[in-house]
Amino acid sequence: MKRSNRFMAVIAVILAFALTFTGVSIPVNASATSTVKSITVKNLPSNTLTLKARKTFTLKTNTTSGNLKFSTSNKKIVTVSSTGKIKAVKKGSANITISLKSNAKIKKVVKVTVGQPATRVKVNKSALTIKKGRSAVIKATVGPNTTSNKKVIWKSSNSKIAKVSATGRVTAVKGGTVTITAVAADGSGKKAVCKVTVKAPITSLKFSKISGRLYVGKTMQLSPVIKPAYATNKKCAWSSSNDKVAMVNSEGKVYAAATGTAVITAKATDGTGKKATYKVTVAKANTIASATVSDPQTVQVTLSGSQKLPASSFVVKASTVLNGTYNYTIPLDGVTTKDNKTYTIALRRGCSLSDYVRVCVYVDGLYGTGKSSIETYYSKDHSNRRVYMTYELEQNESFSREFTVDRARGICKITVDKLPDGVKYAIKTDGSNAISFSGTVRKTGTTKTTIKSVDELGDIVTYIITWNVSSSSVIAAYYIPQYGMIGTDDKYYSVSVKPASVAGGSGKYTYSIDGDDYGLSVDITGRVTGKIYQEGTYNLKVKITDDNDTKISTTVNCEINAKKAIKVEGYVKDINGNNLNGVSIKFYNQDKATPYKLAWNGATSRNDGSYSMDLFPGTYEVVISIRDDSTYLYNQKFDKSETGRNFVSDVLKLTVNPDNAKYSVDDIGAWYDEYDRQCGTNGYVYLVPGTSYTLKAKGMGKRGVITAKVDRKAVSVTAKMSEDVIEIGDKTSFYAEKEELYKFVPKTTGTYYFYSISTGDPYGYLYDENRKELAAVDDVNHDLSTNKNDFCMSYKCVAGKAYYISVSRYSSNVYISKTNPKSGN
């Protein structure tokens with residue numbers, strides 16, 4: 001028997017699993033899974049119901065009718081179905097009992113009257129206003145007069161504001177609005193409502209702050225704290241003591257009109273007289289008015305108003321994309337100002353801006369603005385160039401040509417003025433800054449077209465295109481105007497200019513000068529040469545005659561403009577007045593539109609620190625460059641020759657002293673800072689005072705490190721010196737980094753060949769044990785390399801002695817052999 005029971009249990013488990021995994025569900029009795037503790041009728045307000053004879057009503061309960069049993073106390077008056085549908089039979093009253101099938105003790109009795117149900121409910125007040133803590137009675141009338149059940153049920157939409165009793169007495173709890181509803185108790189669903197407003201007066205009105213600052217043109221919202229929070233009427237009347245300074249609207253929004261002070265008042269409108277005041281001080285907001293990048297290491301920011309700001313308020317970021325993302329923060333050397341309005345930001349010397357780089361300046365802590373920013377850019381030389389061009393065409397020639405604006409940044413605004421008859425143009429809209437010309441030119445001769453281009457950075461280029469239209473019987477030619485300097489030493493301008501275009505006739509010409517030659521001549525190619533000694537404009541007339549038909553000729557103007565130079569001389573000094581030799585001084589004419597250009601815009605100071613320079617009179621930016629450091633001097637005016645025009649760099653010339661007497665800084669090479677800028681060579685460095693430096697140099701087998709903070713009193717810095725030699729023993733090959741020193745010790749005495757195999761242009765050196773140069777070669781070919789820039793040198797070396805090898809300019813593979821790699825040896 002036990003075995004049988006066990007077997008049946010196993011079978012039951014298997015069936016359960018099978019039903020589960022085959023998707024078959026087993027129905028569950030709802031009464032077994034849920035417990036009903038009481039029965040409620042959801043569609044009757046008070047468990048009473050009035051119905052006319054022969055009318056029906058279905059009861060809705062909190063459980064399904066399948067779980068319930070319905071019964072009537074008098075079937076002759078009222079019947080009820082198993083689903084709770086009640087039917088009125090005749091006048092009278094009966095009870096409907098609803099009970100649980102599973103537990104008859106849980107039941108609900110509904111009294112049903114067969115008679116006249118309510119058709120309307122009225123209240124004596126549709127609206128009621130009472131004060132907090134007070135009460136009032138609302139009366140309800142149920143009609144018609146023959147209604148069997150005239151009782152009503154009272155309800156409040158929010159008993160936290162106002163509650164209502166069973167007799168219709170409304171008690172005000174707190175401020176607000178509620179709806180009191182009288183519902184017929186007979187289940188007819190008829191009802192009436194009264195809107196009740198509970199008045200709660202303001203007991204306290206104040207601002208969280210009694211004063212504050214606002215900036216002209218700005219607004220602020222004032223919101224007083226009102227108690228109690230449920231006050232019925234929270235509206236305030238707003239006013240300003242001075243509308244010229246600050247105005248306020250009916251919602252408490254304050255607008256700052258002008259600098260000064262005003263008192264804003266908020267007064268309760270509920271009759272309590274409560275009020276609060278707020279004193280507002282109006283000032284001008286401060287913003288960034290402008291920003292310029294005057295040179296690669298200086299940004300100047302001008303604020304709209306004076307405000308003292310610390311250097312930490314300024315941040316400069318860079319990007320090379322127009323209106324792009326500024327993701328590189330430039331370190332600053334300092335921020336200075338003389339008036340707290342215009343600030344000069346010195347960028348870290350090693351982080352100078354490249355040409356046309358975009359920068360964004362961020363300024364924090366501005367009055368009324370907080371943090372603001374402005375974009376600008378560095379332009380090395382804002383151009384206003386004039387470019388001359390020539391197009392040659394034959395009469396009646398149909399053509400199509402495309403012209404593109406040169407060196408434009410972004411999309412240009414282009415204008416075209418005057419074209420030859422028969423020529424049309426179209427400016428392309430694809431962002432290429434190109435113009436297409438096309439047509440057929442019918443008329444011979446010369447026409448000038450002016451094209452003006454302005455790019456997104458403000459650079460202007462004016463193109464003057466000369467159209468030379470010729471034929472077999474008409475010569476067309478053009479000389480580009482010349483602008484030159486009459487030097488202060490040679491006292492003349494040397495002219496040499498060929499025609500930019502000559503066409504027509506037979507193609508063979510004879511040139512001559514028609515009229516005054518101004519001391520100039522023209523050769524068989526049309527080149528005009530000679531010397532101009534006096535400044536002015538010379539319009540030389542060059543006659544061009546066809547060699548095959550002298551009747552065919554033309555006269556062309558060759559315009560030559562000469563201007564006398566002034567000589568500027570002086571000395572270049574460091575910040576302490578020491579003369580600086582070997583320093584580059586460059587001059588950039590601030591008149592960008594001038595056609596006169598310097599033949600060479602710079603000079604180099606001599607051994608004694610002196611310089612001399614020929615300039616056109618005008619205003620120049622002067623740049624002093626010492627190694628990789630530059631000092632910018634703006635708006636330097638030159639209107640006459642000067643002999644004492646000195647320029648002062650903002651660096652100090654400092655002597656480098658080794659930390660150990662056994663070392664010398666001679667021939668150690670260039671000193672570089674952490675930004676890889678060259679700051680000096682061998683025994684001298686050039687540094688800006690007030691800055692901390694870490695400089696490094698290496699050369700001739702030595703390495704040096706300078707760590708110092710330089711001030712104006714400094715005259716020297718100390719270098720920590722050490723050996724910097726790479727031992728290679730008697731290796732036959734190695735990779736030589738440029739400027740490194742490699743120690744070679746041969747095991748046998750003999751002639752050794754030292755040669756490179758590379759793709760660059762290395763220069764080879766060999767030194768003895770005392771670092772004295774034994775050989776230095778460049779571009780000495782050998783058979784093992786196809787690179788003509790490789791080197792090969794030889795020397796008879798003694799076994800056991802030390803020799804040093806180095807390469808300059810380019811790193812390369814170096815080979816050491818006793819076999820000569822050159823042919824014929």
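Rules and cut-offs
Position numbers for residues start from 1 in each chain and track the written sequence from start to end. Totals for whole chains, interfaces and linings use every residue, but because this is a predicted model, local features are given only for residues with pLDDT of at least 70 and side-chain atom pairs only at 80 or more, for both listing and counting. Water and hydrogen atoms were dropped before computing side-chain values, which therefore reflect all heavy atoms in the structure. By definition, two strands form a pair when at least two bridges between them are found by DSSP. For the purposes of this entry, the term helix denotes a DSSP run of H or I that reaches at least four residues, the term strand denotes a run of E that reaches at least two, and both are numbered from the N terminus. Here, axes are lines fitted to C-alpha atoms. For helices the fit covers the stretch in contact, and angles between N-to-C directions go from 0 to 180 degrees. Here a pair means two rings of Phe, Tyr or Trp (six-membered ring of Trp) with centres within 6.5 Å. Their orientation is stacked below 30 degrees between planes, edge-to-face above 60, and tilted elsewhere. Any Lys NZ or Arg CZ found within 6 Å of a ring centre and within 35 degrees of that ring's normal is scored as a charge over the ring. Counted as a polar contact is a pair of N or O atoms within 3.5 Å, where, for protein atoms, one must be capable of donating a hydrogen and the other of accepting one, and residues adjacent in sequence contribute only when both atoms are in side chains. UniProt positions are given in the numbering used here, feature names are shortened, and annotations may be inferred rather than shown by experiment. Any carboxyl oxygen of Asp or Glu that lies within 4 Å of a side-chain nitrogen of Lys or Arg is treated as forming a salt bridge with it. The rule is simple: take the accessible area with a 1.4 Å probe, protein chains only, and divide by the maximum for that residue type; under 20% is buried, over 50% is exposed, in between is partly exposed. Residues grouped as a nonpolar core are buried Ala, Val, Leu, Ile, Met, Phe, Trp, Tyr and Cys residues, joined through side-chain atoms within 4.5 Å. Whether two residues touch is decided by their heavy atoms; if any such pair falls within 4.5 Å, the residues are in contact.

S.K.: What is the right way to read the sheet that holds strand β45 (residues 509–513) from this model?
M.R.: Hydrogen bonds along the backbone pair up the strands of a sheet, which may run parallel or antiparallel. Spatial strand order, β42-β49-β48-β45: four strands in an open sheet with mixed pairing. The open sheet has two free edges, formed respectively by β42 (482–486) and β45, since each of these has just one partner strand. Pairwise comparison of adjacent strand axes, ignoring direction, gives a mean angle of 30° for this sheet. Pairing of β45 with strand β48 (residues 536–546) involves five bridges; the strand directions are antiparallel. Note that in β48 the partner of Tyr509 across the bridge is Asp546.

S.K.: Can you help me understand the packing of aromatic side chains in this one?
M.R.: Pairs of aromatic rings are described using the distance from one ring centre to the other and the angle between the two planes. This structure, assessed with the given rule, holds 24 aromatic pairs. Among the aromatic residues, those joined into a cluster by ring pairs are Phe587, Tyr611, Tyr620, Phe638 and Phe647. Here the basic side chain of Lys317 rests over the ring of Tyr362, its NZ or CZ set 5.6 Å away from the ring centre. One cation-aromatic arrangement involves Arg401 over Tyr391; the distance from NZ or CZ to the ring centre is 4.9 Å.

S.K.: Where do I start with the side chain of Gln297 in this structure?
M.R.: Checked against the element boundaries, Gln297 lands in the loop between β26 (288–295) and β27 (298–303). Here Ser630 takes part through its backbone oxygen, which lies 2.6 Å from a polar atom of the side chain of Gln297.

S.K.: Would you explain the UniProt feature "domain: BIG2" (unreviewed entry) in the protein chain in this entry?
M.R.: UniProt annotation of "domain: BIG2" (unreviewed entry) refers to residues 38–110, 117–194 and 201–278 when read in the numbering used here. When the span residues 38–110 is considered, its composition is 0% helix and 44% strand, and the gap between its end C-alpha atoms is 14 Å. This span, residues 117–194, is 0% helix and 53% strand, and a straight line between its end C-alpha atoms measures 23 Å.

S.K.: Quick question: what am I supposed to make of the pattern of salt bridges here?
M.R.: A side chain with one charge may pair with a side chain of the opposite charge, provided their charged atoms come close. The final tally for this structure, using the stated rule, is 18 salt bridges. Across the pair Arg358 and Glu375 runs a salt bridge, and its minimum N-O distance is 3.7 Å. One end of the pair, Arg358, is in strand β32 (residues 358–366); the other, Glu375, is in strand β33 (residues 370–377), with 17 residues separating them in the sequence. Overall, Glu375 belongs to the partly exposed group, its relative accessible area being 33%. Note that Asp724 is salt-bridged to Arg703, the shortest N-O span being 2.9 Å. Placement of Asp724 in the loop between β63 (716–723) and β64 (725–729) and of Arg703 in strand β62 (residues 702–709) is noted, with a sequence separation of 21 residues between them. Relative accessible area serves as the criterion here: at 11%, Asp724 is assigned to the buried category.

S.K.: Before we go on, may I ask you to explain the nonpolar core in this structure?
M.R.: Generally speaking, nonpolar side chains in soluble globular proteins are found buried as a group. Ranked by size, the top nonpolar core spans 45 residues in total, and within it Phe587, Leu615, Phe638, Phe647, Trp671 and Val685 carry the most contacts. The element best represented in this core is strand β54 (residues 618–626), accounting for four residues. Among the nonpolar cores identified, the runner-up in size contains 24 residues, and Val301, Ile345, Val357 and Ile374 belong to it.

S.K.: What exactly am I supposed to notice about the environment of Tyr278 here?
M.R.: The residue Tyr278 is located in strand β25 (residues 275–283) in this model. Sequence separation between Tyr278 and Thr265 is 13 residues; the distance between their C-alpha atoms is 6.5 Å. Excluding anything up to four places from it in sequence, Tyr278 contacts Phe207, Lys209, Ile210, Ser211, Gly212, Met220, Leu222, Ala262, Val263 and Ile264. At 3.3 Å, the side chain of Tyr278 and the backbone oxygen of Ser211 are in polar contact. Here Gly212 takes part through its backbone nitrogen, which lies 3.2 Å from a polar atom of the side chain of Tyr278.

S.K.: Please clarify how unusual backbone geometry should be interpreted in this entry.
M.R.: Leaving glycine aside, a negative phi is the common case for residues, and trans is the common case for peptide bonds. A cis geometry characterises the amide bond from Gly143 onward to Pro144, with omega recorded as 10°. Mapped onto the elements, Pro144 comes out in the loop between β11 (140–143) and β12 (152–156). That bond from Lys227 to Pro228 is cis: its omega, -5°, falls within 30 degrees of zero. Relative to the elements of secondary structure, Pro228 occurs in the loop between β20 (225–227) and β21 (236–240).

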